[in-house]
Amino acid sequence: MRLVPESDLSGDDLLAIYLNDHLAGATSGVQLARRASQSQLDATRREALGHLCTEVEQDRGSLLAAMGRLDVKVAQHRVAAGWLAERVGRLKLNGTLLRRSPLSDLMEMEALRLGVEGKACLWRSLRMLAGTDTRLEGSDFEALEQRAHAQVYELETIRLSAAEALRR
């Protein structure tokens, strides 16, 4: 990581930071989606989250492809920070010590939803940049943004189911 005066940062430098921050979030999101899908006791939610996990992994790959087209190097320390953040997030107390709490499902769905909403913003930003940067020609950021919105809808359905389960 290099620290430079703000006046020395180019637009490409700022874009690289932005994309690497999203890559860190995507890394965390993939881990969280994988864990959330595997830990679901409810078969319907487990299946829906398994499908979502596959899409989140694909979306991370789409981000890496866009970074490659823009010649943005992966900042491994940021990716590692995203991985670590997801691991540390597992340590929160959710009312039980030795087993998974129903509150864990709700909190994980909320975290995933926030991440996917941020991803939709990323795709919208890249779609706008693609209009002026020929390196991004042929990328279908609109389809990726639409898929993110569908993922938000699916996560909200699962989140509400998890919230309802708290009352049982």
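This one's a predicted model, so the numbers in the text were calculated from it and none came from an experiment.

**Student:** It is not clear to me how the overall build of the protein should be interpreted in this structure. Could you clarify?
**Tutor:** Helix and strand counts for the protein come out as 5 helices and 0 strands. Each helix and strand of the protein, placed in order from N terminus to C terminus, yields the pattern α-α-α-α-α. Looking at the protein residue by residue over its 168 residues, the buried ones come to 37%. Accessible surface, the protein: about 9800 Å² in total, of which carbon and sulfur atoms supply 58%.

**Student:** Mind showing me how you'd approach the side chain of S37 here?
**Tutor:** Mapping S37 onto the fold places it in helix α1 (residues 11-39). Of note is the side chain of S37, whose polar atom sits 2.9 Å from the backbone oxygen of R34. Residues in contact with S37, not counting those within four places in the same chain, are R46, L49 and G50.

**Student:** Explanation requested: the nonpolar core in the structure shown.
**Tutor:** For soluble globular proteins, nonpolar side chains are generally found buried alongside one another. Judged by nonpolar contacts, the single largest core of 31 residues is most densely connected at L19, L49, L112, W123 and L126. Where this core is concerned, the elements lending two or more residues are α1, α2 (43-69), α4 (102-130) and α5 (141-165). If one sorts the elements of this core by residue count, α2 sits on top with 8 residues. Apart from residues lying up to four places away in sequence, L126 is in contact with L19, A66, L136 and F141.

**Student:** When you look at α5 in this model, what are you seeing that I'm missing?
**Tutor:** Counting along an α-helix, one turn takes 3.6 residues, and residues three or four places apart therefore face a common direction. If you check α5, its first and last C-alpha atoms are 36 Å apart, about what 25 residues at 1.5 Å a residue would give, namely 36 Å. All of the buried residues along α5 are F141, L144, E145, A148, Q151, V152, L155, E156, I158, R159, A162 and A165. Along its buried surface, α5 packs onto α2 and α4.

**Student:** What is the right way to look at the environment of A120 in this model?
**Tutor:** One can find A120 in helix α4. C-alpha of A120 to C-alpha of Q151: the two residues are 31 residues apart in sequence and 9.6 Å apart in space.

**Student:** Could you clarify how one ought to interpret the side chain of Q40 in this entry?
**Tutor:** The topology assignment puts Q40 in the loop between α1 and α2. A residue is classified by how much of its surface remains accessible, and Q40, at 3% relative accessible area, is buried. A polar contact of 3.1 Å, which involves the side chain of Q40, links it to the side chain of D105.

**Student:** Just checking my understanding: could you explain the packing of α4 against α5 for this structure?
**Tutor:** Axis angle and axis distance: for two packed helices, these are the angle between their axes and the distance between the axes, and together they describe the pair. Running from N to C, α4 and α5 cross one another at 165°; their axes reach a closest spacing of 9 Å. As far as their axial angle goes, α5 and α4 are roughly antiparallel. Seen from above, α4 lies across α5 with left-handed handedness. Tallied by class, the residues present in the contact of α4 with α5 amount to 16 nonpolar, 2 polar and 11 charged.

**Student:** Looking at this structure, how should I read the packing of aromatic side chains?
**Tutor:** The geometry of two aromatic rings is summed up by the distance between their centres and the angle between their planes. Under the counting rule described, the total for this entry stands at 1 aromatic pair. Considering the side-chain rings of W123 and F141, the 6.0 Å spacing of their centres and the 20° angle between planes classify their relative orientation as stacked. Note that W123 is positioned in helix α4 and F141 in helix α5, a separation of 18 residues in sequence. F141 matches W123 in its accessibility class, with the two residues each being buried.

What counts as what
- Residues numbered from 1 in each chain as written.
- Predicted model: local features only at pLDDT ≥ 70, side-chain atom pairs only at ≥ 80, totals over all residues.
- Heavy atoms only, no water.
- Helix = DSSP H or I, 4+ residues; strand = E, 2+ residues; numbered from the N terminus.
- Buried < 20%, exposed > 50% of the residue type's maximum accessible area, 1.4 Å probe, protein only.
- Areas by Shrake-Rupley, 256 points an atom, 1.4 Å probe, with all protein chains shown as cover.
- Polar contact = N/O pair within 3.5 Å; in protein donor to acceptor, adjacent residues only side chain to side chain.
- Contact = heavy atoms within 4.5 Å.
- Core = buried A, V, L, I, M, F, W, Y, C linked by side-chain atoms within 4.5 Å.
- Expected span 1.5 Å × (residues − 1).
- Axes fitted to C-alpha atoms, helices over the stretch in contact; angles between N-to-C directions.
- Parallel < 35°, antiparallel > 145°, perpendicular 65-115°, else oblique.
- Left-handed = near helix turned anticlockwise from the far one by under 90°.
- Nonpolar A, V, L, I, M, F, W, Y, C, P; charged D, E, K, R; others polar.
- Phe/Tyr/Trp six-rings, centres within 6.5 Å; stacked < 30°, edge-to-face > 60°.

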